[in-house]
Amino acid sequence: MATALMFVSGCGQGSTPEATSPTAGTEASGAPATKEMDAGVAQRLDEAVDKAMDQAGIPGAIIGIWGPDGHYVRTPGVADQAGGTQMSTDFYHRIGSQTKTFTITGLLQLADQGKLALDDPIAKFIDGVPEGDTITLRQLARMQSGLANYTDTDGFQQAFFADPFRNFTPQQLLDFAFAEPMKFQPGEGFLYCNTNTVLLGLVVEKVSGQSLPDYIRDHITTPLGMSHTSFPTTNAFPDPHAVGYTTQDPDNSEVTATDWNPSWAWAAGAMISTLEDMQIWAPALATGKLLTPEMQAERLQTVTTPGMPADDGYGVGLFNLGGWIGHNGSLPGYQTVSVYLPEKETAMVIFINTDIAFEGQEPSTLVAKAITEIISPENVYAMGDAVQPPDITAPPTPTTTKPR
């Protein structure tokens, strides 16, 4: 992505005190929290978060950590640089590629019910997919299909940036990808690719007989009590929420993307949630709460990607980075991280209201790395420089040369 535009936002100095919302008083398991995090550790976290936010020019953040060592919930920075409104734990937030974890959980539930198999070819469900007789559902979920990523294509970029409020259909998104040649033969490489998850969303719809938003509501968010999580079909954004900041060519200027239509990301990145709900989702996803143990074991089988340590990798719609299991998300104006460290029974959720990269790195990754260097120094959340970061959902600006 183009060089980040630095903000003079005073994120560190303008931090709010630790939140006192109900979210701050709940462990990752959902049981009442018995203690706050040690004051000394909390102070170190305050300093590390402030430093990362100041360095990367992050306007505001909503951060939650829950585990046996206590909870830490904080909302440093501002939701609106023009008005100086503070961030708050009850804000709704666009969660980008974390949507993939919901879409693919739906796929795995249907597999658990015997309605499909992960090694079924996509052609069994969807017509017109290049190499559709060869590409399996598992390969799509593990980013090994070889299909082009529609968000990388000139056609999509021109259409999106001509009108960021436009509503795209899933088929329109696939058409951009299918017009491009395969990147590699199915199963013989790795490319983080939104095309894959759009196809899997269509599979969930066809097999379940429900729209994807309805399926996710009925079979995932409602059973878990995630009452503030939604899958919008327009650019509607519940209040309250932060302003989202991004950059746009031709001059790489800062713009607000708060109400841009997320339909272009659909099954790969359109959902909205809150800190409280993602606190529920992080451990539920990592431990397979909605799946059989056998299906969760298949989900956790990762493929190692270029530039990442051997123990890290991408599984069936989630990743393992330094032992932290979950996903992140990015689309214009917003980034998120929601992960769980099983060996410490600790969940971490990070929301920020910018997707502007800092020295080629996702700002949410900088914050997550700074936090985990303190709370889990043997399990640091970090991404290799050579790998396409799995959080990226947002389309590039037209002159961006780095794949998105």
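Structure report, in brief. Being a predicted model, the structure only gives us computed values, none of them experimental.

Reading guide: rules and limits
- Residues numbered from 1 in each chain as written.
- Predicted model: local features only at pLDDT ≥ 70, side-chain atom pairs only at ≥ 80, totals over all residues.
- Heavy atoms only, no water.
- Helix = DSSP H or I, 4+ residues; strand = E, 2+ residues; numbered from the N terminus.
- Buried < 20%, exposed > 50% of the residue type's maximum accessible area, 1.4 Å probe, protein only.
- Contact = heavy atoms within 4.5 Å.
- Areas by Shrake-Rupley, 256 points an atom, 1.4 Å probe, with all protein chains shown as cover.
- Pairing = 2+ DSSP bridges.
- Salt bridge = Lys/Arg side-chain N within 4 Å of Asp/Glu carboxyl O.
- Expected span 1.5 Å × (residues − 1).
- Core = buried A, V, L, I, M, F, W, Y, C linked by side-chain atoms within 4.5 Å.
- Polar contact = N/O pair within 3.5 Å; in protein donor to acceptor, adjacent residues only side chain to side chain.
- Axes fitted to C-alpha atoms, helices over the stretch in contact; angles between N-to-C directions.
- Parallel < 35°, antiparallel > 145°, perpendicular 65-115°, else oblique.
- Left-handed = near helix turned anticlockwise from the far one by under 90°.

Moving on, we get to the overall build of the chain. A count of helices and strands for the chain gives eleven helices and eleven strands. The proportion of buried residues among the 404 residues of the chain is 62%. Sequence separation of at least 24 residues holds for 71% of the intrachain contacts in the chain that already meet a minimum separation of 6. Accessible surface computed for the chain: about 14400 Å², of which carbon and sulfur atoms make up 50%.

Our next topic: the pairing of strand β4 (residues 245-248). The side chains of a regular strand alternate between the sheet's two faces. On β4, burial covers both faces: Y245 and T247 on one face and T246 and Q248 on the other are all buried. Pairing of β4 with strand β5 (residues 253-256) involves four bridges; the strand directions are antiparallel. Residue pairing across strands places Q248 opposite S253, the latter belonging to β5. Where β4 folds back onto β5 in an antiparallel hairpin, the turn is made up of four residues, including N252, whose phi is positive at roughly 60°.

What follows deals with the sheet that holds strand β9 (residues 324-331). In a beta sheet, neighbouring strands pair by backbone hydrogen bonds and run either parallel or antiparallel. A sheet is described by the order of its strands in space; here seven strands give the open sequence β2-β1-β11-β10-β9-β8-β7, paired in antiparallel fashion. Since the sheet does not close on itself, it has two edges, and those belong to β2 (70-74) and β7 (313-314), each with one partner. Where β9 lies against strand β10 (residues 334-341), seven bridges are found, and the strand directions are antiparallel. Opposite N328, over in β10, you have V337 as the bridge partner.

The next point concerns unusual backbone geometry. In this structure, the amide linkage connecting D239 to the following residue, P240, adopts the cis form with an omega of 0°. Counting through the fold element by element, P240 comes out in the loop between α7 (212-224) and β4. Within the chain, M143 stands out as a residue other than glycine whose phi angle is a positive 60°. Relative to the helices and strands, M143 is located in the loop between α3 (137-141) and α4 (154-162). Taking the relative accessible area as the measure of exposure, M143 reaches 0% and is therefore buried.

Turning our eyes to something else, we now look at the pattern of salt bridges. For the structure on display, the rule yields eight salt bridges. Measuring nitrogen to oxygen at the nearest pair gives 2.9 Å for the salt bridge that ties R74 to D50. Within this pair, whereas R74 is found in strand β2, its partner D50 is found in helix α1 (residues 39-56), the two being separated by 24 residues in sequence. Accessibility assignment for this pair places R74 and D50 in one class, buried. Measuring nitrogen to oxygen at the nearest pair gives 2.9 Å for the salt bridge that ties D218 to R217. A relative accessible area of 42% places R217 in the partly exposed class. A cluster of three or more residues bridged by salt bridges with shared partners is formed by D46, D50 and R74.

Let's shift gears to helix α11 (residues 363-375). Here α11 contains 13 residues, and its C-alpha end-to-end distance of 19 Å stays within 8% of the 18 Å for a straight helix at 1.5 Å per residue. Burial within α11 is extensive, with eleven of its 13 residues counted as buried. Of the surrounding elements, those touching the buried residues of α11 are α1, β1 (61-67), β9, β10 and β11 (346-352).

Turning next to the nonpolar core. F102, I122, L137, L199, W264 and W281 are the most contacted members of the largest nonpolar core, which totals 78 residues. If you tally residues by element for this core, the top one is helix α9 (residues 275-287), at seven residues. For W281, the contacting residues outside a window of four places in its chain are T101, F102, T105, I220, L224, M226 and L290. Formed by 39 residues, the second largest nonpolar core is a distinct cluster that contains I63, Y192, I350 and I371.

Another aspect to go through is the environment of T222. For T222, the location among the structural elements is in helix α7. Separated by 2.8 Å, the side chain of T222 and the backbone oxygen of R217 make a polar contact.

Viewed as axis vectors pointing N to C, helix α2 (residues 99-112) and α9 meet at an angle of 50°, and their least axial separation amounts to 12 Å. It follows from the interaxial angle that α2 and α9 lie oblique. Here α2 runs over α9; the crossing is left-handed. The residues of α9 that touch α2, namely those facing T101, F102 and T105, are M278, W281 and L285.

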